[in-house]
Amino acid sequence: MTMSKNSVIFSFIFLPFISSATTQLAPALYVFGDSLFDSGNNNFLPTAARANYLPYGANFVNRSTGRFTNGKTVADFIAEFLGLPYSPPFLSYKRDLLPLTGLNYASGSCGILPETGSPFGRCLNFEEQVGLFQDSVKSLQQRYFQILVDFSNYLSKSVFIVSIGSNDYINNYLETSLYDTSKRYTPQLFAQLLVYKLSQQLERLYNLGARKIVVFELGPIGCLPWITRNNKHTGQCVEDTNQIVSYFNNMLPAMLQNLTTSLKGSNFINGHGHGVGYDAIINPSKYGIADASNPCCTAFFNGTSGCIPYLRPCNNTNKHYFWDGYHPTEVVYSILASGCINNASFCTPYSLKDLVKV
């Protein structure tokens, strides 16, 4: 992305793994978002956007679970830090048997807007995900909590993480053959629409009991193989595309600060994933990455889409930035998760280490 005057580049040592906490630092981890966080919800939906086959999960303990990468996601690393099991996909559970340690509502191809991702089939947009969490709240309270204040305390100490909005650009605004969104909205107005719709659902999460909510900004979409291989450009990335997405990222901090100020007892954290993600593509050796241009798996449509089933991926997965045409490898997720856990300049105003103590 073209770096704005407010952009920050972070530099820190890559951690090949993040060790699990010896004690549980939060009661639960609730996960919302798109394919960057999806742990298998799309396995249960009629959609072409699935990752429940090899080589997806090639380096994951349970193999092909539906995660759109070779191993762990940011959500998985955060769960390990919190001393919690990986948040399982909500759709894999019956409503009366939901676990108390958290759930994952993220859904590949979906976004903030309800129409985003619809050409690929069924997915859970952000409003639907929050609606499913609302259903979960009722079930959890009935099953585990007799006293309302105990349930409120459980929710207020739990951690909520959100990564959504990328598909509103990838599968909507930039996909002019399927949508006329870019004709109806300037990049600035589209970003305003997304941030407004996002804020509505974040406030809804607060009203349902969430108090510690981490919202990640959008990554350098203009650097994805799907973009770079389909557009003429100079340099490593298509900076015009990055500039379009930058309006969203630049509006996000003020919105989150406004929510924290207006909603009593809340902490809305801004996860600055873009700066590190972009820097790792432009300066990959600094992060131990050798290839920041090509997908590790053999992907459809000249490496611009999802992995072709069952073909062997590259040998050194931990040296590649991209797993397929859209998604990073576990190595990149580890870098991003480490930054948010440890660095208050990455996740602001609190790192996760500090947030769990609030």
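Residues numbered from 1 in each chain as written. Predicted model: local features only at pLDDT ≥ 70, side-chain atom pairs only at ≥ 80, totals over all residues. Heavy atoms only, no water.

### Digging into the overall build of the chain
Looking only at helices and strands, the chain has twelve helices and seven strands in total. Taken along its principal axes, the extent of the C-alpha atoms in the chain is 60 × 40 × 40 Å. Counting all 358 residues of the chain, 57% fall into the buried class. Once local pairs closer than 6 in sequence are excluded, the contacts in the chain between residues at least 24 apart make up 73%. Element-wise, carbon and sulfur atoms account for 52% of the exposed surface of the chain, whose accessible area totals about 14600 Å². Computed over 25 positive and 22 negative side-chain charges, the separation of the two mean positions in the chain equals 4 Å. (Helix = DSSP H or I, 4+ residues; strand = E, 2+ residues; numbered from the N terminus. Buried < 20%, exposed > 50% of the residue type's maximum accessible area, 1.4 Å probe, protein only. Contact = heavy atoms within 4.5 Å. Areas by Shrake-Rupley, 256 points an atom, 1.4 Å probe, with all protein chains shown as cover. Lys, Arg positive; Asp, Glu negative; His and termini not counted. Charge placed at Lys NZ, Arg CZ, Asp CG, Glu CD.)

### Some remarks on the pairing of strand β4 (residues 267-271)
Most of β4 sits out of view: five of its five residues are buried. Alternating positions in β4 separate into two faces, Asn267, Ile269 and Gly271 on one and Phe268 and Asn270 on the other, with burial throughout. The pairing of strand β3 (residues 212-216) with β4 spans five bridges and is classified as parallel. Along β4, the bridge assignment pairs Lys212 with Asn267. (Pairing = 2+ DSSP bridges.)

### Looking at the environment of Gly306
Within the secondary structure, Gly306 is located in the loop between α10 (300-303) and β6 (320-322). Given the relative accessible area of 15%, Gly306 is considered buried. Residues Gly306 and Asn270 lie 36 residues apart in sequence; the distance between their C-alpha atoms is 29 Å. Residues contacting Gly306, with those up to four places away along its chain left out, are Tyr56, Thr298, Ala299, Phe300, Asp324 and Tyr326.

### With respect to the sheet that holds strand β1 (residues 29-33)
Strand order in the open sheet formed by five strands is β1-β2-β3-β4-β7, and the pairing between neighbours is mixed. With partners counted over all chains shown, the strands left at the sheet margins are β1 and β7 (347-348), one partner each. Sheet contacts for helix α6 (residues 187-207): β1, β2 (159-163), β3 and β4; angle to β3, the most-contacted strand, approximately 160°. (Axes fitted to C-alpha atoms, helices over the stretch in contact; angles between N-to-C directions.)

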